[in-house]
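A structural walkthrough
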Amino acid sequence: MYGGPVKIFGAELAHPVVNGSGTFDALAARRVFGEQLDARFPFAAYVSKTITLEPRPGNPPPRLWELGQGMINSIGLPNKGLARFIEEDLPAYAMLPAPLIVSVMGFSGDELAAAVEALGERSEILAFELNFSCPNVETGNIVGSSPEETAAMTSLLRGRTEKPLIAKLSPSSARPDQIALAAEQAGANAVSLINTLPGMAVDPSGGGPWLGGGGGGMSGPAVRPVALAQVSRVAEAVEIPVIGMGGVSCGRDAREMLDAGATLVGVGTENFRDPAAGERILAELRELNQSSVERK
Amino acid sequence: MTQACVTAPFGRRSAPVRSIERSGPYTFLRALDAAGPKPRAGQFYMLQTARGWGGGDDGRPYLPRALSFARVEQVNGGLELTYFLESVGPGTARLAACATGEELLIAGPFGNGFDLDRTRPPVLVAGGVGLAPIVALDDKIRKTDGARSTVLVGMRDGERAAAITKFGVECGIATEDGSAGHAGYVTALLERELEDGHDSTVYACGPPAMLEAVRALCSEREVPCQLALESGMACGYGACYGCVVPTVDGYARLCVDGPVLPGDKLETAIVKGAGH
Ligand SMILES: Cc1cc2nc3c(=O)[nH]c(=O)nc-3n(C[C@H](O)[C@H](O)[C@H](O)COP(=O)(O)OP(=O)(O)OC[C@H]3O[C@@H](n4cnc5c(N)ncnc54)[C@H](O)[C@@H]3O)c2cc1C
Ligand SMILES: Cc1cc2nc3c(=O)[nH]c(=O)nc-3n(C[C@H](O)[C@H](O)[C@H](O)COP(=O)(O)O)c2cc1C
Ligand code: FES
């Protein structure tokens, strides 16, 4: 049975579809779509955009480049910083009809530890996702590409909170299974992958890079085969649950991600094409139960 | 800006093309929105075709495209939305190649729209496809409110200026090739207009260079202006953080904090990657 409830992190989620961090601003969506968003909330758990200790403006525009089957972004983790997140956003997120997973990133272990500690006791939060893999900030892929760094960072944080920790892995490693194992052994409760793949676009009017951040991160259907390969390899290596994402845009894609070993499926770029993508993908996933029964 | 928001239906919805009409390089695309609320002038929609969205230049388009509505009319079965576009790349080319009866997927209306100040005479300035939200605002002022407005439109050439007649907008015209109205930029007409009356508010939409000239003119004369800007958008509803433009208060997401921004919030209306 695809699309049924999922037990994870000591909670029961209504179904396996969640959002990829940074691809759905539930608070902005609430203002744009009003109360219908609550009634038809498209995700079983909501993952916040990555926050950092200090506020960040993000990268200069242009931040987007379109591909035939996806896009490259150089958003650069704009966020209001931990203090204003706690004051302004956390109470609003707590009102959402889905449990909250907070994505955090730090430029050092201490920074990340401070963020996790400040949030570690908050009952509004179900789990933390540790973004070890943003290609748009300098330190992002460094931690995520090294099993030792990943283990060191994860165990540092393990000591600071009781809450479940999800390590978000870089797709830039040749051995994502080793990184995932390192995270598991250091106390992570789940891993999520893939984050965007480092990419670049050249300014059509000639010369340098198009994106304000120089390079960027590739996402969407173009990266789905990479995601499937990495998710299945990681899922074979670890016991902890895997949150699989990368290019999922329909129910069949979601089923393939689950078949590859994922426990939850993340929807990212497809949210931009369809604000209710999560709802549609879940419905399509459940419909596949019907057709697979018929086939037998 | 302080104003009552129009709430968009959640998700994207089917909207059949009722008619499509070409005028020189421009296309008038009319679609039936059976489920949406009445939009405010200056708001926009994200559009894609239900089939055959992709496979153009570089395999694009992939993401939906932002288009302002130019006209909204209550018809049998919902609202008829008129979009006004020029084909400049694979997305607009695909939309311009739609057939009558073809299914569009639309989401919206999104963005803030113009904040009409009824205490000051409105001067509306449009350039090129920037005419779309200006027609919408002019309809609101003249047809709905029965008030007066001054409209100034700049077009590159006579072929493009012909679209103004199709909309039936009464306005001052400037063409760069001199084939209709004033020969030169529309900002020359605005400069003349602002000589007589400093008590007006300017509402403008057009290419970045035009908006920047309007912003500078208004700023020198201390005339308030509202500029409908453009930037590359992936989602249109605040999800991606891709559409930011620099303002005096830092980066603003144009899709939710705009697309209309007060001129005094901008140091420049020229944003890299926006417009063409
Ligand atoms: C709020 C808003 C309202 C708008 N209203 C209207 C309207 O009413 N009518 C209208 O005609 N237009 C309107 N536009 C502009 C319209 O959305 C763009 O012209 C359209 O998205 C262009 O898409 P395209 O595929 O045709 O061309 P593209 O090739 O995607 O875009 C043209 C420009 O994008 C850049 N570019 C080129 N390749 C890429 C790439 N791979 N990825 C990213 N950028 C690239 C370049 O700067 C190029 O000049 C509006 C835009 C906004 C933001
Ligand atoms: C515009 C954009 C912003 C993103 N921001 C974040 C972020 O803040 N933190 C993070 O961990 N991942 C971020 N991601 C990565 C996604 O969560 C996801 O891992 C990736 O896009 C692959 O999934 P997709 O192909 O379905 O988009 C972002 C992706 C995009 C496209
Ligand atoms: S277009 Fe995505 S945030 Fe504005």
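Residues numbered from 1 in each chain as written. Chains lettered and ligands numbered in written order. Predicted model: local features only at pLDDT ≥ 70, side-chain atom pairs only at ≥ 80, totals over all residues. Heavy atoms only, no water.

A closer look at the interface of chain A and chain B
Interface size, as often reported, equals the accessible area lost upon joining of the parts. Residue-level contacts link 45 residues of chain A with 37 residues of chain B. Across the chain A to chain B interface the summed buried area is about 3,300 Å²; carbon plus sulfur atoms make up 61%. Applying the counting rule to chain A against chain B returns four salt bridges. For D25(A), the salt bridge is made with R253(B), and the minimal N-O distance between the two is 2.9 Å. Our enumeration of links across chain A and chain B arrives at 15 residue pairs in polar contact (both at pLDDT 80 or more). Every element with two or more residues in the side of chain A that touches chain B is listed here: α1 (26–33), α2 (36–39), β5 (64–67), β6 (70–73) and α10 (270–273) of chain A. Broken down by element, the side of chain A that touches chain B gets its largest block of residues, five residues, from α1(A). Classifying every residue of the side of chain A that touches chain B gives 22 nonpolar, 12 polar and 11 charged. (Contact = heavy atoms within 4.5 Å. Buried area = accessible area lost by both parts, 1.4 Å probe. Salt bridge = Lys/Arg side-chain N within 4 Å of Asp/Glu carboxyl O. Polar contact = N/O pair within 3.5 Å; in protein donor to acceptor, adjacent residues only side chain to side chain. Helix = DSSP H or I, 4+ residues; strand = E, 2+ residues; numbered from the N terminus. Nonpolar A, V, L, I, M, F, W, Y, C, P; charged D, E, K, R; others polar.)

As for the site of ligand 1
Residue and element names in this part refer to chain B. R65, A66, F84, G91 and T92 are the nearest of the 25 residues found near ligand 1. The backbone of A66 places a nitrogen or oxygen atom 2.7 Å from an oxygen atom of ligand 1. One of the backbone N or O atoms of S68 is found 3.0 Å from a nitrogen atom in ligand 1. Relative to its unbound accessible area of 960 Å², ligand 1 is 85% covered by the protein chains. (Near = heavy atom within 4 Å. Areas by Shrake-Rupley, 256 points an atom, 1.4 Å probe, with all protein chains shown as cover.)

Focus: the confidence of the model for chain B
Looking at chain B, the pLDDT average stands at 95 and 97% of residues meet or exceed 70. The ipTM assigned to the predicted complex is 0.96, against a pTM of 0.97. (pLDDT = per-residue confidence, 0-100.)

Observations concerning the side chain of S48(A)
All names here are of chain A. As for its placement among the helices and strands, S48 is situated in the loop between β4 (46–47) and β5. A residue is classified by how much of its surface remains accessible, and S48, at 0% relative accessible area, is buried. Apart from residues no more than four positions distant in its own chain, S48 is found in contact with S21, G22, Y93, I101, V102 and S103. (Buried < 20%, exposed > 50% of the residue type's maximum accessible area, 1.4 Å probe, protein only.)

Digging into the site of ligand 2
Residues in contact with ligand 2 amount to 23 residues; listed here are only the nearest, S21(A), T50(A), I194(A), G247(A) and T269(A). Around ligand 2, the nearby residues trace back to chains A and B. Taking K168(A), its side chain carries an N or O atom lying 2.9 Å from an oxygen atom of ligand 2. A distance of 3.1 Å separates an oxygen atom of ligand 2 from a polar atom in the backbone of G268(A). When atoms are counted within 2 Å of each cavity's grid points, the one that captures over half of ligand 2 is the largest cavity. Looking at the shell around ligand 2, its residues break down into six nonpolar, 15 polar and two charged. (1 Å grid on protein atoms, 1.4 Å probe; cavity = no way out; pocket = protein on both sides within 12 Å on 5 of 7 lines; lining within 4 Å. Sits in = over half its atoms within 2 Å of the grid points.)

Overview of the packing of aromatic side chains
All names here are of chain B. Tallied over the entire structure, the rule returns 18 aromatic pairs over all chains. Measuring from ring centre to ring centre gives 6.2 Å for F110 and Y237, while their planes differ by 35 degrees; the resulting arrangement is tilted. Residue F110 is located in strand β6 (residues 103–110), and its partner Y237 is located in the loop between β12 (225–228) and β13 (244–247); the two are separated by 127 residues in the primary sequence. The pair formed by F110 and Y237 is uniform in burial state, with each residue classed as buried. (Phe/Tyr/Trp six-rings, centres within 6.5 Å; stacked < 30°, edge-to-face > 60°.)

Notes on the nonpolar core
Buried together is how nonpolar side chains tend to be arranged in soluble globular proteins. Counting 112 residues, the largest nonpolar core has L119(A), V191(A), V125(B) and V202(B) as its most contacted members. Two domains share this core, each providing at least three of its residues, namely domain 1 (13–110) and domain 2 (122–265) of chain B. Ignoring any residue separated from it by four or fewer positions in sequence, one finds V125(B) in contact with I134(B), L152(B), V186(B), L190(B), V202(B), Y203(B), A204(B), C205(B), M210(B) and V214(B). Core analysis: the second largest hydrophobic core is formed by 46 residues, W53(B), L81(B), A96(B) and I134(B) among them. (Core = buried A, V, L, I, M, F, W, Y, C linked by side-chain atoms within 4.5 Å. Domains from an automatic or database assignment.)

Describing the pairing of strand β12 (residues 216–219) of chain A
Residues and elements named next belong to chain A. Note: β6 against β12, three bridges, orientation antiparallel. Of the residues in β12, the one forming a bridge with M71 is S219. In this sheet, β12 lies alongside strand β11 (residues 197–199) in antiparallel orientation, the contact comprising three bridges. Along β12, the bridge assignment pairs G199 with G216. (Pairing = 2+ DSSP bridges.)

Brief notes about the domain arrangement of chain B
Residue and element names in this part refer to chain B. Along its sequence, chain B is carved into domain 1 (13–110) and domain 2 (122–265). If you average the C-alpha positions of domain 1 and of domain 2, the two centres end up 21 Å apart. Facing the 23 residues of domain 1 at the interface are 25 residues of domain 2. Here domain 1 and domain 2 share an interface that buries about 2,000 Å² over both sides, 65% of which is from carbon and sulfur atoms. Together, Y26, R71 and F84 form the three largest contributors to the area buried by domain 1 at its contact with domain 2, with a combined 28%. There are three salt bridges connecting domain 1 and domain 2. A salt bridge links R160 to E86; its shortest N-O distance comes to 2.6 Å. Linking domain 1 to domain 2 there are five residue pairs in polar contact (both at pLDDT 80 or more). Where the side of domain 1 that touches domain 2 is concerned, the elements lending two or more residues are β1 (13–23), β2 (26–33), β3 (44–49), β4 (65–75) and β5 (78–86). Of the residues forming the side of domain 1 that touches domain 2, the biggest block, five residues, is contributed by β4. Each residue belonging to the side of domain 1 that touches domain 2 can be placed in one class, and the counts come to 14 nonpolar, five polar and four charged.

Comments concerning the layout of surface pockets
Counted as a void, the second largest pocket has a volume near 1,300 Å³. Taken together, 46 residues form the lining of the second largest pocket, with R31(A), Y241(B), R253(B), V256(B) and D257(B) sitting closest to its centre. Here the residues of the lining of the second largest pocket are counted per class, giving 25 nonpolar, nine polar and 12 charged. Both of domain 1 (13–110) and domain 2 (122–265) of chain B provide at least three residues apiece to the lining of the second largest pocket. (Points joined across faces, edges and corners; volume = space filled by probe spheres on them.)

Here's the deal with the environment of F24(A)
Within the secondary structure layout, F24(A) lies in the loop between β3 (17–19) and α1. By relative accessible area, which is 2% here, F24(A) ends up buried. Considered as a pair, F24(A) and Y46(A) are 22 residues apart in the sequence and their alpha carbons are 8.8 Å apart. Ignoring anything within four residues of it in the chain, the contact list for F24(A) reads N19(A), A29(A), L37(A), P42(A), F43(A), Y46(A), N271(A), P275(A), F10(B), Y237(B) and A239(B).

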